[in-house]
Structure formats: C-alpha cells, structure tokens
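A structural walkthrough
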Amino acid sequence: MQVSFNLATDIEAALLAAAKAAGLDAQAFSPDVRTADPRHGDFQANGVLAFAKREKQNPRAVAEKLVAAIDPTTRERYAVSIAGPGFINFAAQPSTLLEWLRTYGSESGLQHGAAAGYAGQTWVVDYSSPNTAKQMHVGHLRSAVIGEAICRLLAFSGAKVIRDNHLGDWGTQFGKLIYGFKRWANPAALEHDPIEELERLYRLGNDATPEGSAALEEARQELVKLQSGDPENAALWRKFTEASQRAFDQIYSRLGIRFDHYLGESFYNDKLDRVYRELTELRIAEESKGALVVFHDEVPRFSRNAERPNPFMVRKADGASGYASTDLATALYRTEHFKADGIVVVTDFRQGDHFEQLFLTVEKWFKATGRRLPKLNHVTFGAVLGENGKPLKTRDGGTIKLKDLLDEAEERALAVVRAKNAERPEADRFSDEECRSIARVVGIGSVQYADLSQNRSSDYIFSWDKMLSLEGNTAPYLLYAVARIRSIFRRGGLGDPSDTSSWETTATPPATPTECALARKLAKFPDALALATSTLRPHFLGTYLYELAGDFSGFYNADKVIVDDPAERARRVLLCARTLQVLETGLHLLGLRTLQRM
RNA sequence: GCGGUGGUAGCUCAACCGGAUAGAGCAACGGUUUUCUAAACCGUAGGUCGCGGGUUCGAGUCCCGCCCACCGCGCCA
C-alpha cells in the first residue's frame, strides 16, 4: 500500500478502521488528525477527547483501546504513543519518510497528489480590478498579489480557474474625462504616457465642472452621449480603455499575472435590466424613496427597521445604476456563462458590508429562480501602511504609483545584489546584466512575499528594509535557499535536480537529526497547501516554506552533502532535490519567480 | 448609534473546527568559516496573549461586559 500524499489522511483512515475494529461507535468518532508540535511527533489525533467526553468514558482508556486496534502497516510506519489526557501521537518512521520522498518527487507528482481537492470545479477569481484611465497605485497591490496566489493555489488543487479583471471602466467619471479631453488633450503627451495624460485631463475636467455649473451639465451630456452609443464618445472611451489596458499589462507582466478576461463594468451595462426586472418581479427588491433597494430584515443592520437603514441600493433614485446592480449582473453571468462552482472576489475589507448584502441578495435571488448557487467568497485584506502606521504615501503626501513602487523595489534589490557581488571571489562574480536580472526577481518577489507572508486580514506595514532583508520570513531568504541547493548540484556535478531516480534507489532513510527534521517538514507540504487553499489564505503556505527553508539551512550547516559514502550521499542529495522541488513549487504558487544563482 | 476588523515579547508578525511548556524574525548579548554560497547556522535573554467575568478535563482561540485603534453605514467599487 502506497503512502498517501497527505500522510494525515492515512492516519485518519487507520484510526477510523481501528475504531470500528475496537467496537467504538465509528459514526460518533472523528479522529481529528492534525500536524503536531515536532516535540510530540508528526501528527496527533485529538478526537478521542471529544468522543470520550460525549460517551462519558475515560479518554485514556479509549485511546488505549483504539491504539491496540491499529492495523500492522500503520504501526510499522509510525511510532504511536498516547500522551496526556488522551492525545494519540504519530511519529513517522524514517523509512516512511523515505517512501514519501520517493513517491512524491516531481512537480507533477505533487500536483497529482494535490489535485483531488478541487477536481472538476470551476472557480472565477475577480481580482486587481483597477479603474481605467487611472494609474494603478499601492492600493491595487494587495488585490493583485493575493488574487494571483489564490488563483494558482486553486488551479494546483485541480480547479479550472478563470481569472477575471473586473475593470472600473464605466461611470460618471467618463463624462468629465471626455469633457476635459475634448478641450485640452495634448497628442504628444497622450502618445508618450497616455495614463498620465488622461489623469491630467480628468483633473482638468473635474476642476472645470463644479457643482451646479453649466460645464457640469455639459459633462453630463457627454456621459449621456457615451451611454447612448454616440460614435465619437464611444471611440474615445475605447481609446481610453485600450491605453489603460496596455499600461496595466506592463504591471501585470512584472507581477507574473495574466488574465483570461477583462469583463469590466461596461460589459454588464446591457444586462442590468434583467436584474431589475427579476428582482422586482420576485419582490426581493422594492421601491424606497424612488430607488430600487433590497432590505435583509433577518440581519439587523440591513433591516428596514434599523436605526440608520442601510439597504442594498440596486438602482439609485435618479434611475442610474450603481455598482450593486453591476455586481448582481456579474454574479449571474459568472454562474450562467462560466458555470462557476465558486466565485472569489478579492477587495479590501472596507467593502465588507457591500459584499455581505450582495451575497445575501444573490442567495435569495438564485433560490427563487432555482439557479445553482456557487460558493461566494469575499476575500478581504487590510490596508498598506507606512512605517509611521499611517496609510502609505510619498514623502510629500501623494499617492504612490504601483509602477514607481516596483521600480524602487528593483533598484533597492540591485544595490544589495551589487554590494554582495563585490564581496564575491572574482571568478564567481555576476555580470552587470546578471545582477539586474537577479535584482528584478528579488525586488518584485520581495514586494509580493511581504504581502503574502502575512495574514491578509490585518493591515500591514510596508518596510523596504524588512522585506529585502536576508533574515527572517522574506523572499530573499527563501530565494537564497533555492540558489544554494542549485549551487550544490552545480558544484558537486550531481546532474539535473529534477532527475533523482538513481538517488532514490541508493538512498537510505534519513538518519541525522537535521536530516529527519527536514524530511518530516517536506512530508507536511500537502497539509500546508490544503490549509492555504481551503482558507484562501496564502500565508499558511508562506509560513510553511519559511520553516522548510529554515530546516534546510539547519541541515545544510550540519550535514555535508557531497560525502564519500554512496548511501549517505544519495539520501542527502535526495533531500536537497526534494527541498528544491517543494520550495520552487511553493514559491511559484505564490506567484514568485525563482533563481538559479543569487 | 449600529456593524466589521484588529489589540500576542521593545519592534514586525505566527499560532489550522478549543488542545500538550504561546512560536519566529529584527533589535540585544555570546559562539561557529582551511568544508557544497556566512545573504547562513547554533545558543542566551525577552510574555498579566488589551481589561474583567463566564463555559470547559483544557481558553490567545468560544460566550458576556468594558477599554483602545482603524474602517464602513443611499448615489466611488
């Protein structure tokens, strides 16, 4: 019997079988297997405690009965012990670890193991979603980085992932922009840096159209013309959209992001009437002060009786559509057209109320129309703060453009790479071009990883020094571990790290404390992956990779890889190869690039 | 006012449906290199988990009350 990808599933199955064999009420018993503190073993089963409590039995006695009934294969694979009030501890034998390392070697092997979780499911992930005709700024960073990592995690676990960039490409701002454009557009500037110019024109348009002015009325007419399909304005709008998309794509390519669709708000323009009609006919929405709204009376703060009523505004009193209606149409389209089993929307936490109301409305709407309801997830994240604890700004208080931020990351990384390069023996030095290419990977990776290594729901403090540090839970530390392993293969003439068949046959089970610690950590990759994916929280994977890199460093320092004894050498080379595999796979899942040398 | 999120070591952060002695990194102190990248490793020190009650064999985690911070609450998404 082959070891399973996630060892915990073997243990769980073994305990359920043991419960049956021991005559326990297997229906009532859930093993509750989880990774354990290494001091206690690799996995622990805590289910006996809850079970014994319910059944009013002595937990210790139940645990003993259960352990006695565990099948021989499992007993061979794990050292099983009972501790404390009734914890059952499982420590994988070195031979079991070796078996796992042999079985799950390649990236496809890992992926095959992971693919069970979401096989056959379609997930639409809505992330980044900037406004067209505007620069992307720091505020867009987290959605892009977290969203991409989530896409990759879901895809690795077997889902068909549809990356949808829900652009803010429709709305009142375009009236003012067209107004400004028609009066003050500078063709040369538009050619050179279109977004910069469009922002300038919007500002001019906005400043020229104060509340109550005739100019504002003109700007509104431009909007009306656009919305009713006026060829001139429609052409301008397309021009804005195309220029924006080119600018966005430059950022996305630096971040390793590629969307399948750019279905912005404008796309849903002709799909709103159906939303109004259905919601009205179904009496989910109602008229209130001229607007079309949905109250959710079962939730006090969305109830019509709330002290400050906060209805879901499907259509505004002036007849204009708001983002609520667009988002409803979007949910419908994703369900009908993409046949989504799950929808993930990655935006900041301030939109929490909106999405809660949206999801409540969608649930009622789809139930009333007999539609299948996808899993709806609002993935939120906190603000990006400067080191003073306030929202991150430029020195003079302006908004930081995402492009500038990425440039600075690369520059700062380049300074470090060059400094380290100068300390290197002359024969090992990088060319200037190599330094730059390393700095790109390190710089961008540092920004991505700083975001991903932290629990997304809290605000995070943006610190160049911390994210570019070679110490601690940072991208450079992880990339360095990768580069070191590659270096071992290069220097030792060990061939391609992804071809390990000969090492697998010669290797003996891990023996030294650091080898064992590393092997045990490697076998826990599936658990970290599953946790990160199911909770849509990439930091669980990041934390794991950091611990893995730490265990590797400990091993690297204590155990020389290139030794004479063939078996010893083979098992260490195998550990290196697998660590490399897991680190690279994991970093790629988070959206980072990795390096051969650094 | 109602609601959301957060409060863990001097600082930045972990802690998976309630589990074993709350863990890392930085900063501080001490050690390791004729050895595959010292951008590393090992060690020491550092805690009333915001405060007060409660539930439980067991609470940073769940419940109640309170304090503090940030945020949301009809036309920006």
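All figures in this text were calculated on a predicted structure; none of them were measured in a lab. Sequence order sets the numbering: in each chain, residues are counted from 1 along the sequence as written. Working convention: letters from A go to chains and numbers from 1 go to ligands, in the order in which they are written. Thresholds applied to this predicted model are a pLDDT of at least 70 for local features of residues and 80 or more for the giving and counting of side-chain atom pairs; totals over whole chains, interfaces and linings are not thresholded and use all residues. With hydrogens and water excluded, all non-hydrogen atoms of the structure serve as input to the side-chain values.

Turning our eyes to something else, we now look at the sheet that holds strand β6 (residues 160–164). Any two strands are treated as partners once DSSP identifies two or more bridges connecting them. Secondary structure elements are defined from DSSP: runs of H or I of at least 4 residues count as helices, runs of E of at least 2 residues count as strands, and each element is numbered from the N terminus. Taken in spatial order, the four strands line up as β6-β5-β10-β11 in an open sheet, and their pairing is parallel. Because the sheet does not close on itself, it has two edges, and the strands there are β6 and β11 (375–379). Each neighbouring strand pair of the sheet contributes to a mean axis angle of 15 degrees, computed without reference to strand direction. Examined bridge by bridge, strand β10 (residues 342–346) and β11 share five bridges and lie parallel to one another. Looking at β11, one finds that V346 is bridged to V379. When checking whether two residues touch, look at their non-hydrogen atoms; a contact exists if any pair is within 4.5 Å. Here an axis means a line fitted to C-alpha atoms, over the contact stretch when the element is a helix, while the angle between two N-to-C directions is reported on a 0 to 180 degree scale. Packed on one face of the sheet, helix α14 (residues 323–336) meets β5 (122–126), β6 and β10 and runs near 140 degrees to β10.

Time to look at the environment of N305. Considering the arrangement of structural elements, one finds N305 in the loop between β8 (291–294) and β9 (312–315). Among the residues examined, N305 registers a relative accessible area of 67% and is labelled exposed. Distance from N305 to A519, taken between C-alpha atoms, is 59 Å for residues 214 residues apart in sequence. Only protein chains enter the accessibility calculation, which uses a 1.4 Å probe; a residue whose area is less than 20% of its type maximum is buried, one above 50% is exposed, and one in between is partly exposed.

The next subject is the protein's contact with RNA strand B. Whether a residue is near a molecule or strand depends on its heavy atoms: if one lies within 4 Å, it is near. Around RNA strand B, 59 residues are found, and the nearest of them are K316, Y323, Q351, L470 and S487. In RNA strand B, atoms within 4 Å of the protein come 56% from sugar and phosphate. D32 places a side-chain nitrogen or oxygen 2.4 Å from a base nitrogen of RNA strand B. Put simply, the parts of the chain that give the surface near RNA strand B at least two residues each are β1 (33–35), α2 (47–55), β4 (87–92), β13 (460–461), α19 (475–492) and α23 (539–558). The leading source of residues in the surface near RNA strand B is α19, at seven residues. Split into classes, the residues belonging to the surface near RNA strand B amount to 20 nonpolar, 16 polar and 23 charged. Side-chain atoms alone can form a polar contact between residues adjacent in sequence; in general such a contact is a pair of N or O atoms within 3.5 Å, and within protein one must be able to donate a hydrogen while the other accepts it. Classes in brief: Ala, Val, Leu, Ile, Met, Phe, Trp, Tyr, Cys and Pro nonpolar; Asp, Glu, Lys and Arg charged; the others, Gly included, polar.

We now examine the confidence of the model for chain A. Values of pLDDT, ranging from 0 to 100, describe the predictor's confidence in every residue of the model. Confidence in the prediction of chain A, expressed as mean pLDDT, is 93, and 100% of residues score 70 or more. The weakest mean pLDDT in chain A belongs to helix α6 (residues 107–114) at 87; the strongest belongs to β6 at 98.

Another point: the pairing of β8. Across the two faces of β8 the burial is the same, with A291 and V293 and L292 and V294 all buried. Pairing geometry for strand β7 (residues 286–288) and β8, over three bridges, is antiparallel. Across the sheet, the residue bridging to S288 is A291, located in β8. In sequence, β7 turns back onto β8 through a hairpin of two residues, with K289 there showing a positive phi of about 50 degrees. Pairing of β8 with β9, which is carried by three bridges, proceeds in the antiparallel orientation. Paired with V293 across the strands is M313, a residue of β9.

Here we come to the packing of helix α8 (residues 173–184) against helix α10 (residues 194–207). Put simply, α8 and α10 touch, their axes get as near as 7 Å, and they point 100 degrees apart. In this view, α8 runs roughly perpendicular relative to α10, as classed from their interaxial angle. Contacts between α8 and α10 involve Q173, K176, L177, Y179, G180, F181 and W184 from the first element and E197, L198, R200, L201, Y202, L204, G205 and N206 from the second. Taken together, the residues that form the contact of α8 with α10 break down as eight nonpolar, four polar and three charged. Here is the rule for angles: anything less than 35 degrees is roughly parallel, anything more than 145 is roughly antiparallel, 65 through 115 is roughly perpendicular, and the remaining ranges are oblique.

Take α19 next. Every helix has an expected span of 1.5 Å times one less than the residues it contains. For α19, built from 18 residues, the straight-helix expectation of 26 Å at 1.5 Å per residue is met to within 8% by its first-to-last C-alpha distance of 26 Å. Buried residues dominate α19, accounting for 13 of its 18 residues. Two to three positions downstream of the cap, the backbone nitrogen of Y477 sits 3.2 Å from a side-chain oxygen, assigning the N-cap of α19 to T474. Just beyond α19, the residue with positive phi is G493, at close to 60 degrees.

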